[in-house]
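Residue strings, one per chain:
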Amino acid sequence: MSEGLKSCPMCGGKASFNTTTYAPRKKPNAWFADGTPVTVAHAVNCQTCGVNNKGILGGYQTQRQAAEKWNTRAGEEA
Ligand SMILES: [Zn+2]
């Protein structure tokens, strides 16, 4: 499932998907951009140094979004 993930921008380590599931809440306290309550969040993390792109919401709505963000960051030149 590490399809299309670039290596870690910090250490060059191998990246993998990370999924966080939140217990259902009567009153959600976080929402994705389209208004969907955050119950499952997808992110990418480095297996070597542990850096991740969870951000403030704990991740992205889809694994594809998480991968795109990760790869954008990995491709950035300082
Ligand atoms: Zn790393």
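I will try to describe carefully the structure that is included in this document.

So, how was this worked out
Residues numbered from 1 in each chain as written. Predicted model: local features only at pLDDT ≥ 70, side-chain atom pairs only at ≥ 80, totals over all residues. Heavy atoms only, no water. Donors = N, O, S within 2.8 Å, 3.2 Å for Na, K, Ca; no water. Tetrahedral: all angles 85-135°; square planar, octahedral: opposite > 155°, others 65-115°. Helix = DSSP H or I, 4+ residues; strand = E, 2+ residues; numbered from the N terminus. Buried < 20%, exposed > 50% of the residue type's maximum accessible area, 1.4 Å probe, protein only. Contact = heavy atoms within 4.5 Å. Core = buried A, V, L, I, M, F, W, Y, C linked by side-chain atoms within 4.5 Å.

Right, let's get into the coordination of the zinc ion. The protein atoms that coordinate the zinc ion are Cys8 (SG), Cys11 (SG), Cys46 (SG) and Cys49 (SG), at distances spanning 2.3 to 2.4 Å. Because the angles between the four donor atoms bound to the zinc ion fall within 103 to 116°, the donor set is best described as tetrahedral. We note that the donor set of the zinc ion lies within a single chain, spaced as C-x2-C-x34-C-x2-C. Note that Cys11 is positioned in the segment before β1 (15-21) and Cys49 in the loop between β2 (40-46) and α1 (63-75), a separation of 38 residues in sequence. Among the residues examined, Cys11 registers a relative accessible area of 39% and is labelled partly exposed. Under the relative-accessibility criterion, Cys49 is labelled partly exposed at 41%.

Right, let's get into the side chain of Asn45. Along the chain, Asn45 falls in strand β2. Apart from the residues lying within four places of it in its own chain, the contact partners of Asn45 are Lys14, Ala15, Ser16, Phe17, Asn18, Val51, Asn52 and Trp70.

Moving on: the nonpolar core. Membership of the largest hydrophobic core is limited to 10 residues, which are Leu5, Cys8, Ala15, Phe17, Val44, Cys46, Val51, Ala66, Ala67 and Trp70. Elements with a contribution of two residues or more to this core: β1, β2 and α1. Residue contributions to this core peak at three residues, all from α1. Here Val44 is in contact with Leu5, Ala15, Ser16, Phe17, Val51, Asn52, Asn53, Ala66, Ala67 and Trp70, once residues within four sequence places are set aside.

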